Amino acid sequence: MSPALAAFLRPSPFALKFATKGVLAMALALYAAFFFDLDRPYWALISAAFLQTRPMSGMVVEKGICQVTGTFVGTCVAVVIMGCFAQVPELALGSVTLWIGLCIYGASLTHNNLSYGCVMAAVACMIIVVLTSSAPDDFFSVALARLSELSLGALCAVVVSALVWPIRVRDHLGQLADTAVNATFRYMALAFSMPLEADRAGSQDTAGQSQAHSQDQQRERMAMLEQMMTGLDALNNLEIDAHSARYEGPQGKGRIRGVHLLTRRSMRLYATLKALHQLRHPEFFVPSQNDDGKPTAQTMELNQAQNQEAERFSQPTQDLMQRLGAAFQSMADNQGTAQARKTLKELRGECLRLSRGQRSITALEARLLFSLREVLGHALVILQAREVINHPGRHQLRQPSMSWHRDHGRAAIDALRAMAIFSATAIFWLATAWDNGAVAMLLGTLFSGIFVSRGDPAPIIPMVLKGLLLAVPSVLLFGNVMLSHAQHFVPFVIIFSIPLFIGLLGAVVPALAGIALPFVVFNILLVMPDNGMTFDVAYTLNRSLAAGIGLIVTIIGFRLIPVPGAGWDKRQLIRATASDIRELAERSTERLDSWFGGRMGDRLLRLARHEQTRSREQEARRSGENASGQPDEAQQQMVGMPLLTLGLTGMDIGRGIGFVRRELGNEVPRPVQHALRELIHALADDYQHCARGESPTRMRAAGDRLCEVIEQHRTMSRHKQALLAGWLTRVQLTLQSDALRQQCS
């Protein structure tokens, strides 16, 4: 049975509870609106319906607060606009257009439910101005009615969510944290357990099974990619949903701080681990063949250089990494937290003893052992963060929130598109004087605002149109035929709730949510239950036509002014990262890591989302393996993770600069300070060069100059100088590998 049929014929217990709660919230909102004799009770229904899309108690409360606040602000702006331009509808609509652009601009820059609040501010202002432009005397009564209806719907949704089968955000966050930690540990287990290419090549020559070797290597790559994407997706959802925990008791803020700590340390761990894995296994990140199936000269040269560096690792170090792989696999298999913490501490101590016991190791190996201790330290903190999320009362934690990446260029494009969509529908409304033209204006404003948080909303809007097409026959049957025979509230609610319940059942399935939720909303908008409703089929079809026009204009708007793609975001994120790397030369060392890590966290999550979208698109285009069993070009590109690799490299560079500045201290001689600043700017420039597929050119000379000046002034111990030299070598190889990966992708 297909998932679509199973959603309705064999719904899960969660789907039944979700649909029942949604119907109860909307029925309660409708009853209260009838009881208080509100002008348009269906607005209370729509308010309750939108708040039930995420039925967790804290999320419903937060979204309700943002909805009411946005509606109040939009109402106040409508008061100002009508007070100035009540007699000139054209100027009033022009002012509303500017306000919509400002609200959508803010929605694009904000996150979580704050974005929804900005959209509601635009919608509330538009509704009030449009409905009262022909009757300015009724302005205050209409504004008060809209605010009352939306607030009543939000209140009913909050009550039902808290009393009927309550779902807590804290349980949701705990499950996401477990998923993120376990996926991260499995990724680490695969990374440390993977044998070196030289060892695998030797066994391959003995066995003569090159094809099996290639297939095994590909499976390892895909398994690591799957675990990394699972962990990053869980971290992304944690950051989005964590803020709602503050509305579920005094321990909610502790959980939010735990989420921030988990995200920061996981990102640092991924960055450090990526650099180590790229050093030991350059073939994982750099394709070994060109389009003709032959190794490229640059690839062979880089792989040979990195393999030579990896072969310098002593056997005890390689054995230690194999033990790390087995230990992290055991932790991912639900090993107890206390035992996992004990194992991590033992391994960290062994790394320290190994680095002190070997006097003949290279600078690169010394840096490798130091990075292994960093990885184990991050893993310990990750376990603590998971404990804070699950049991915040047991820990006292101070952790600043993440800094969000704000793309003002994309926000301006979103605002321009929303203004164009509203202007087109407003001109159509003024030219035709069509009573239902306001429906087209409403839907254009609503969906152009809601979709700003989507990476690529173009495929979603046609699904909304399908929801409208399915809602029309449903409204004709239930809203015009069956409701006309309902004489009391109870049969009225039962009949009206049938299509709503069916739509909410389908909303649980991700593949159907884009159709099912609009189906519910359009059932409410086209029926418009109130005390003076009519059952005229022509009127229903008239409103359906207006809704279709609004959606078509929205689709055209997104086609003419599309959302900037991954290329735009990549350039903006790389430019912002390079700018922050340069600023590391000027900031104080006390909060250097927290500042840079907080700003990089959201960027890495954005790059991970783009990588997921890119991987899904390439997987859809993938035609499978060729006759020789080798993966095709699309699959090879999917494995490389070029976007996320760049973000992790930027995080690793920033972390390394923070280490150097802390070791040098505050009292730094002027020549050392000047050389360090040159190195930081060289790293930022080479980072941007490698993002464009160009090899690094400046950092090697700047790094050598810094090492010479430090040795002359003796501002760092011999051991720390070796760590610095090893880090510079590792970053040089990493940037070369990233540049080659960008060329191939």
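The numbers attached to residues start from 1 for each chain and follow its sequence in the written order. This being a predicted model, a pLDDT of at least 70 is required before a residue's local features are given, and a value of 80 or more before pairs of side-chain atoms are given or counted; all residues contribute to the totals for chains, interfaces and linings. For side-chain calculations, the full set of non-hydrogen atoms in the structure is used, while hydrogens and water are omitted.

S.K.: Can you explain the overall build of the chain? Please cite residues and give values.
M.R.: Strands here are runs of E lasting at least two residues and helices are runs of H or I lasting at least four, both read from the DSSP assignment and numbered beginning at the N terminus. Each helix and strand counted, the chain has 29 helices and zero strands in total. Exposure is judged per residue with a 1.4 Å probe applied to protein chains only, and the accessible area is read against the type maximum: over 50% gives exposed, under 20% gives buried, and values in between give partly exposed. Residue burial in the chain is summarised as follows: out of 745 residues, 57% are buried. The criterion used for residue contact is that any of the two residues' heavy atoms lie within 4.5 Å. Nonlocal contacts in the chain, meaning residues at least 24 apart in sequence, comprise 81% of its contacts between residues at least 6 apart.

S.K.: Quick rundown of helix H26 (residues 642-664)? Include the residues and the values.
M.R.: Residues that lie three or four places apart on an α-helix share one face, since the helix turns once every 3.6 residues. Under the convention used throughout, the expected extent of a helix is 1.5 Å for every residue step, that is, one less than its residue count. When the terminal C-alpha atoms of H26 are compared, their 33 Å separation across 23 residues agrees well with the 33 Å that a helix rising 1.5 Å per residue should span. Of all 23 residues in H26, 21 are buried; the element is thus mostly enclosed. Looking one or two residues beyond H26, the residue adopting positive phi is Gly665, at roughly 85 degrees.

S.K.: Lay out the environment of Arg386 with the relevant residues and their values.
M.R.: Summarising the element assignment, Arg386 is placed in helix H16 (residues 363-390). The spatial distance from the C-alpha of Arg386 to the C-alpha of Leu262 is 7.0 Å, given a sequence separation of 124 residues. The residues touching Arg386, leaving out its near neighbours within four places in the chain, are Ala177, Asp178, Val181, Asn182 and Thr337.

S.K.: How would you summarise the packing of aromatic side chains if you had to cite specific residues and measurements?
M.R.: Paired rings are identified among Phe, Tyr and Trp, the last through its six-membered ring, by centres lying within 6.5 Å, and are further divided according to the angle between planes into stacked (under 30 degrees), edge-to-face (over 60) and tilted (the rest). Across all of its chains, the model carries 16 aromatic pairs by this definition. Relative to Phe492, the ring of Phe34 has its centre 6.4 Å away and its plane inclined at 75 degrees; by these criteria the two rings are edge-to-face. Here Phe34 is found in helix H2 (residues 13-35), whereas its partner Phe492 is found in helix H20 (residues 489-507), with 458 residues between them in sequence. Three or more aromatic residues joined by ring pairs make a cluster, and in this case those are Tyr31, Phe34, Phe35, Phe36, Phe489, Phe492 and Phe496. Placement of a positive charge over a ring is assigned whenever Lys NZ or Arg CZ falls within 6 Å of the ring centre and within 35 degrees of the normal to the ring plane. For the cation-ring pair, Lys63 lies above Tyr116, with the distance from its terminal atom to the ring centre recorded as 4.7 Å.

S.K.: Can you lay out the pattern of salt bridges for me, pointing to particular residues and giving the numbers?
M.R.: Take a side-chain nitrogen of Lys or Arg and a carboxyl oxygen of Asp or Glu: if they are within 4 Å of each other, that pair is a salt bridge. Enumeration according to the criterion identifies 15 salt bridges in this entry. When the shortest N-O distance is used, the salt bridge between Arg677 and Glu586 registers 3.4 Å. Of this pair, Arg677 sits in helix H27 (residues 670-691) while Glu586 sits in the loop between helix H23 (566-583) and helix H24 (592-621); the two residues are 91 residues apart in sequence, bridging distant segments of the chain. The class of Arg677 is partly exposed, set by a relative accessible area of 27%. You can call Glu586 exposed: its relative accessible area is 53%.

S.K.: Which residues make up unusual backbone geometry, and what values do they have?
M.R.: One non-glycine residue, Ala433, lies in positive phi territory at about 55 degrees. Relative to the helices and strands, Ala433 resides in the loop between helix H17 (408-432) and helix H18 (437-450). Although it is not a glycine, Met528 sits at a positive phi angle of roughly 50 degrees. Structurally, Met528 can be placed in the loop between helix H21 (510-527) and helix H22 (537-560).

S.K.: Residue-level account of H18, with values.
M.R.: For H18, which comprises 14 residues, the first-to-last C-alpha distance of 20 Å matches the rise-based estimate of 20 Å (1.5 Å per residue) to within 8%. In terms of burial, H18 is a largely internal element, 13 of the 14 residues being buried.

S.K.: Help me get a handle on a nonpolar patch on the surface, residues and values and all.
M.R.: Any residue with relative accessible area above 30% and no salt bridge may belong to a patch, with like charges joined within 9 Å and the nonpolar Val, Leu, Ile, Met, Phe, Trp and Tyr side chains within 5 Å. Per-residue accessibility takes into account occlusion by the displayed protein chains alone, with areas from the Shrake-Rupley method and a 1.4 Å probe. On the surface, Leu5, Phe8, Leu9, Ile498 and Ile502 cluster together into a nonpolar patch covering about 440 Å² of accessible area. The element that contributes the greatest number of residues to the nonpolar patch is helix H1 (residues 3-9), accounting for three residues. Within the element layout of this structure, Leu9 appears in helix H1. You can call Leu9 exposed: its relative accessible area is 59%.

S.K.: Please set out the nonpolar core residue by residue, giving values where relevant.
M.R.: Throughout, nonpolar core names a set of buried Ala, Val, Leu, Ile, Met, Phe, Trp, Tyr and Cys residues whose side chains join them through atoms within 4.5 Å. Membership of the largest hydrophobic core comes to 106 residues, with the highest contact counts inside it found for Phe185, Phe192, Leu235, Leu262, Phe328, Leu372 and Tyr687. It is H16 that provides the largest number of residues to this core, a total of 14 residues. Dropping the residues within four chain positions of it, Leu372 is found in contact with Phe192, Leu276, Leu320, Met321, Leu324 and Cys351. Ranked by size, the runner-up nonpolar core spans 104 residues in total, among them Ala29, Met120, Val160 and Val439.

S.K.: Talk me through the confidence of the model for the chain; I want residue IDs and the actual numbers.
M.R.: It should be kept in mind that the predicted coordinates are not to be read in detail where pLDDT is low. What pLDDT conveys is the predictor's confidence in a given residue, as a value from 0 to 100. Summary statistics for the chain give a mean pLDDT of 81 and a share of 84% for residues scoring 70 or more. Overall, residues 288-295 carries pLDDT values under 50, and its contacts beyond four positions in sequence, including any with other chains, amount to nine contacts. This model gives residues 623-639 a pLDDT under 50, and the stretch forms 35 contacts once residues within four places in sequence are excluded.

S.K.: Tell me what's going on with the side chain of Thr272, and back it up with residues and numbers.
M.R.: The residue Thr272 is located in helix H11 (residues 252-280) in this model. The residues touching Thr272, leaving out its near neighbours within four places in the chain, are Ser371, Glu374, Val375, His378 and Asp652.

S.K.: Give me the packing of H17 against H22: which residues, what numbers.
M.R.: Axes, fitted as lines to C-alpha atoms, cover a helix only where it is in contact. Angles between the N-to-C directions of the axes lie from 0 to 180 degrees. Where H17 meets H22, the closest approach of the two axes is 9 Å, and the angle between their N-to-C directions is 140 degrees. The two elements H17 and H22 meet at a crossing, and its hand is right-handed. For the pair H17 and H22, the contacting residues are Arg417, Ile421, Ala424, Thr425 and Phe428 in the first and Ile549, Val553, Thr554, Gly557 and Phe558 in the second. Following the grouping adopted for this structure description, the nonpolar residues are Ala, Val, Leu, Ile, Met, Phe, Trp, Tyr, Cys and Pro, the charged ones are Asp, Glu, Lys and Arg, and the polar ones are all others, Gly among them. By residue class, the composition of the contact of H17 with H22 is six nonpolar, three polar and one charged. Should the near helix be turned counterclockwise from the far one by less than a right angle, the crossing is left-handed, whereas a clockwise turn marks it as right-handed.

S.K.: Could you give me a rundown of the packing of H2 against H20, with the residues and numbers involved?
M.R.: For the pair H2 and H20, interaxial distance at closest approach is 9 Å and the crossing angle is 140 degrees. When you trace H2 past H20, the crossing you get is right-handed. Contact residues: Ala15, Leu16, Phe18, Ala19, Thr20, Gly22, Val23, Met26, Ala27, Leu30, Tyr31 and Phe34 in H2; Phe489, Phe492, Val493, Ser497, Leu500, Phe501, Leu504, Leu505 and Ala507 in H20. Looking at the contact of H2 with H20, its residues break down into 18 nonpolar, three polar and no charged.

S.K.: Tell me about the environment of Met651, and please be specific about residues and values.
M.R.: Positionally, Met651 belongs in helix H26. Considering only alpha carbons, one finds Met651 and Gly597, 54 residues apart in sequence, at a separation of 7.4 Å. In this structure, Met651 is in contact with Met267, Arg268, Ala271, Phe596, Gly597, Met600 and Leu604, ignoring residues within four places of it in sequence.

S.K.: Provide a residue-level description of the side chain of Ser266, including the pertinent values.
M.R.: Inspection of the secondary structure puts Ser266 in helix H11. Sequence-distant contacts of Ser266, defined by excluding residues within four places in its chain, comprise Leu235 and Ile382.

S.K.: Just give me the short version of the environment of Leu30, but keep the residues and values in it.
M.R.: Positionally, Leu30 belongs in helix H2. In this structure Leu30 comes out as buried when scored by relative accessible area, which is 2%. Once the C-alpha coordinates of Leu30 and Ala44 are considered, the two residues, 14 residues apart in sequence, prove to be 6.7 Å apart.

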